[in-house]
Amino acid sequence: MLNFTRKSPALMGEYMELHSFNRSQNPAYTNKAFAFARWDESQKLIVVTNFDEFQSVKTTLKLSPELLKAWNLKAGEREIKEVMFGKKKTTLRVTDTGAEIDLDFGPWESAVFEVR
């Protein structure tokens, strides 16, 4: 389970912004969404927010090749769960050419997914 108090944010570990990669790779990923990854030796997180107050977002979030390398993700599918509110789950699909997760977010909705 996610432990937000374990470390101060400055000591959380590594950070990688995923927004720019998705804006260039996916026309359905708009400037009203924002995604990033945070990780350390014990935890891998993908954080996604829909900042649109009226429109839902239904798209695919692509993980950058740099993140795949940093996380050493193996090919295959695995379910990942949202750990902040515990309401969402989705599938992480990793192939030889990349990785992605499906997103379905309402207006002003956010999620923190843990990858194991």
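Residues numbered from 1 in each chain as written. Predicted model: local features only at pLDDT ≥ 70, side-chain atom pairs only at ≥ 80, totals over all residues. Heavy atoms only, no water.

**Student:** Is there a simple way to explain the pattern of salt bridges in this structure?
**Tutor:** Any two side chains of opposite charge can pair, on the condition that their charged atoms come close. Evaluated as defined, the whole model comprises six salt bridges. Where Glu100 meets Arg93, a salt bridge forms, and the shortest distance between an N and an O atom there is 3.1 Å. A relative accessible area of 23% means that Glu100 is categorised as partly exposed. The residue Arg116 makes a salt bridge to Glu114 at a minimum N-O spacing of 3.2 Å. Taken together, the shared-partner salt bridges in this structure form one network comprising Lys62, Arg93, Glu100 and Asp102. (Salt bridge = Lys/Arg side-chain N within 4 Å of Asp/Glu carboxyl O. Buried < 20%, exposed > 50% of the residue type's maximum accessible area, 1.4 Å probe, protein only.)

**Student:** Which parts of the structure should I look at to understand the confidence of the model for the chain?
**Tutor:** Reading fine detail from the predicted coordinates is not recommended where pLDDT is low. Across the chain, pLDDT averages 88, with 90% of residues at or above 70. Across residues 1-8, where pLDDT falls below 50, the model places 15 contacts with residues more than four positions away in sequence or in other chains. (pLDDT = per-residue confidence, 0-100. Contact = heavy atoms within 4.5 Å.)

**Student:** Just to check I follow, could you spell out the pairing of strand E6 (residues 89-95) for this structure?
**Tutor:** Consecutive side chains along a regular strand alternate between the two faces of the sheet. By the alternation rule, side chains of E6 split into Thr90, Leu92 and Val94, which are all buried, and Lys89, Thr91, Arg93 and Thr95, of which none is buried. Sheet analysis places strand E5 (residues 76-82) next to E6, joined by six bridges and oriented antiparallel. Bridging across to E6, Glu77 finds its partner in Arg93. Of the strand pairs in this sheet, E6 and strand E7 (residues 98-105) are connected by four bridges, and their pairing is antiparallel. Each residue of the ladder has a partner; that of Arg93, found in E7, is Glu100. What sits between the antiparallel neighbours E6 and E7 is a turn of two residues. (Helix = DSSP H or I, 4+ residues; strand = E, 2+ residues; numbered from the N terminus. Pairing = 2+ DSSP bridges.)

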